[in-house]
Amino acid sequence: MEKIKMTTPLVEMDGDEMTRVLWQQIKDELLLPYIDLKTEYYDLGLPEREKTRDQVTIDSAEATKKYGVAVKCATITPNAQRVEEYKLTEMWKSPNGTIRAILDGTVFRAPIMVKGISPVVKTWKEPITIARHAYGDVYKGTEYRVPGPGKAELVFTDESGKEQFRQTVYDFECAGVLQGQYNKDSSISSFARSCFQYAIDTKQDLWFATKDTISKKYDHTFKDIFQEIYDAEYKAKFEELGITYFYTLIDDAVARVVRSKGGFIWACKNYDGDVMSDMVSTAFGSLAMMTSVLVSPDGKYEYEAAHGTVTRHYYKYLKGEETSTNPVATLFAWSGALRKRGELDGNADLMTFADKLEAATIATIEGGVMTKDLVGLWEGETPAKGVTSLEFLRAIKANLEKSL
């Protein structure tokens, strides 16, 4: 068949370790033979981030703002051990955090479901997408270990130097701990618009939950901003599409989610989203079967896998050993980006290819061929066969070529 043409490049962000190996295998086996692939390439591997003093990460985010769609491989966020291992001059920040900040985006994570791997929660029949507001709150909190008795106060001084607010947090009678956290109306508004826009794009209901009955200023501000933006900008479109926006308390949301059938977006504050995304991914089966897409309020998209660089498998790979690393989430990052690129460019062939690539992947697993991490979760009638990563990709290729 003639290769599918692309008119606008994708921003391609390469990564680290085992996922970098899978990245190239996916391109070689499943993309380059069928697509005249156009990408603007950025190497976000840790050596290149060190070489450019992380400028490459900033450049890749700016390119995403220019072209509108990016696909990203998993990357290392260095800790002290990685600084030593890679001989880094600095403990570089998380690339995901840097890109999120530049795009002002929200991360949406959803499980990839296949027949034969059932969610732990038996009522769940459709994916649940977690939208996490990855800004502020406890992650940017200021902490203090209180050494003994004394008064802790919350003080706000405006830009002119005038004190506007002072309130006692607690009169400590003994040692303890103290924490201050913040958020911004502008960031909350961006979060809300990203959530409403993604709900419209995917035609799914949107749930949002905080603890506004306890946090009558902090959490209530989230609730109010969401409602104001929904009423002013999105209500009519939601009603036209037959989808709903639903607000409730976070504890009520947890109870409702567990008893639901799924099929909606659950928007969460930063900490809630961090915890609930891991809960949902585990309950659906595997973090290796979770998609992740960063969406900006003005409609820029960056697709990636929800997992890390699979370091343990990479060390085995370096020794020349075969690995059975699950490439599905990384593969779906590519298919998601290609579909969105096709949608924005009016390229039906590219969108159809993305659909067929995903269908071939699902069909391969449902046919009993999978990486070894899925074998223990398998409940299908066909016996499960655990294969290496490359064997799995080639099995997908065989199914893909039948549909093409």
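Just so you know, these numbers come straight off a predicted model, no measurement behind them. (Residues numbered from 1 in each chain as written. Predicted model: local features only at pLDDT ≥ 70, side-chain atom pairs only at ≥ 80, totals over all residues. Heavy atoms only, no water.)

A. Fine view of the overall build of the protein chain. Counting its regular elements, the protein chain contains 14 helices and 16 strands. Expected size for 404 residues packed as a compact globule is a radius of gyration near 22 Å; at 23 Å, the protein chain falls within 12% of this value. For the protein chain, the C-alpha atoms occupy an extent of roughly 70 × 55 × 45 Å along the three principal directions. A burial count over the protein chain gives 49% of its 404 residues as buried. Here the contacts in the protein chain between residues at least 6 apart in sequence split such that 75% fall between residues at least 24 apart. Approximately 19,200 Å² of the protein chain is accessible, and the part contributed by carbon and sulfur atoms is 51%. Taken as two groups, the 51 positive and 60 negative side-chain charges of the protein chain have centres that lie 2 Å from each other. (Helix = DSSP H or I, 4+ residues; strand = E, 2+ residues; numbered from the N terminus. Rg over C-alpha atoms; globule rule 2.2 N^0.38 Å. Buried < 20%, exposed > 50% of the residue type's maximum accessible area, 1.4 Å probe, protein only. Contact = heavy atoms within 4.5 Å. Areas by Shrake-Rupley, 256 points an atom, 1.4 Å probe, with all protein chains shown as cover. Lys, Arg positive; Asp, Glu negative; His and termini not counted. Charge placed at Lys NZ, Arg CZ, Asp CG, Glu CD.)

B. Looking closely at a negative patch on the surface. A cluster of acidic residues, Asp185, Asp224, Glu228 and Asp231, forms a negative patch on the protein surface. Among the elements that make up the negative patch, the one with the highest residue count is helix α7 (residues 218-241) (three residues). In this structure, Asp231 sits in helix α7. (Patch = residues over 30% accessible without salt bridge, like charges linked within 9 Å, V, L, I, M, F, W, Y side chains within 5 Å. Salt bridge = Lys/Arg side-chain N within 4 Å of Asp/Glu carboxyl O.)

C. Quick peek at the packing of helix α1 (residues 17-31) against helix α14 (residues 389-403). Interaxial distance between α1 and α14 falls to 10 Å at its minimum, and their mutual angle equals 25 degrees. On the basis of the axis angle, α1 is roughly parallel to α14. Crossing hand, α1 versus α14: right-handed. Residues Leu22, Gln25, Ile26, Glu29 and Leu30 of α1 lie in contact with α14, whose contacting residues are Ser389, Leu390, Leu393, Arg394, Ile396, Lys397 and Leu400. Of the residues assigned to the contact of α1 with α14, the class counts are seven nonpolar, two polar and three charged. (Axes fitted to C-alpha atoms, helices over the stretch in contact; angles between N-to-C directions. Parallel < 35°, antiparallel > 145°, perpendicular 65-115°, else oblique. Left-handed = near helix turned anticlockwise from the far one by under 90°. Nonpolar A, V, L, I, M, F, W, Y, C, P; charged D, E, K, R; others polar.)

D. The arrangement of α7 in detail. The largest bend along α7 measures about 70 degrees and falls at Tyr234. Within α7, burial applies to Asp219, Phe222, Ile225, Phe226, Ile229, Tyr230, Tyr234 and Phe238. Buried residues along α7 sit in contact with α6 (185-202), β10 (205-210) and β11 (245-249). After α7 finishes, the residue Gly242 shows a positive phi value of roughly 75 degrees. (Bend = angle between axes of the 7 residues up to and from the residue.)

E. Representation of the sheet that holds strand β12 (residues 264-268). The ten strands are arranged β2-β1-β3-β14-β13-β4-β5-β12-β10-β11 in an open sheet whose pairing can be described as mixed. Looking at which strands have only one partner, the edges of the open sheet turn out to be β2 (39-43) and β11. Between one strand and the next, the sheet's axes are offset by a mean angle of 20 degrees, whatever the strand orientation. Relative to strand β14 (residues 301-305), strand β3 (residues 69-72) is paired through four bridges, and the arrangement is parallel. Bridging across to β14, Val69 finds its partner in Tyr301. (Pairing = 2+ DSSP bridges.)

F. Molecular detail of the nonpolar core. Among the nonpolar cores identified, the biggest contains 67 residues, and Phe196, Phe238 and Leu338 are the most heavily contacted of them. The element contributing the most residues to this core is α6, with eight residues. Beyond its immediate stretch of four places on either side in the chain, Leu338 contacts Met6, Leu10, Leu31, Ile35, Leu37, Leu350, Phe353 and Ala354. One finds Ile128, Val257, Met276 and Val280 within the second-largest nonpolar core, a separate group that totals 16 residues. (Core = buried A, V, L, I, M, F, W, Y, C linked by side-chain atoms within 4.5 Å.)

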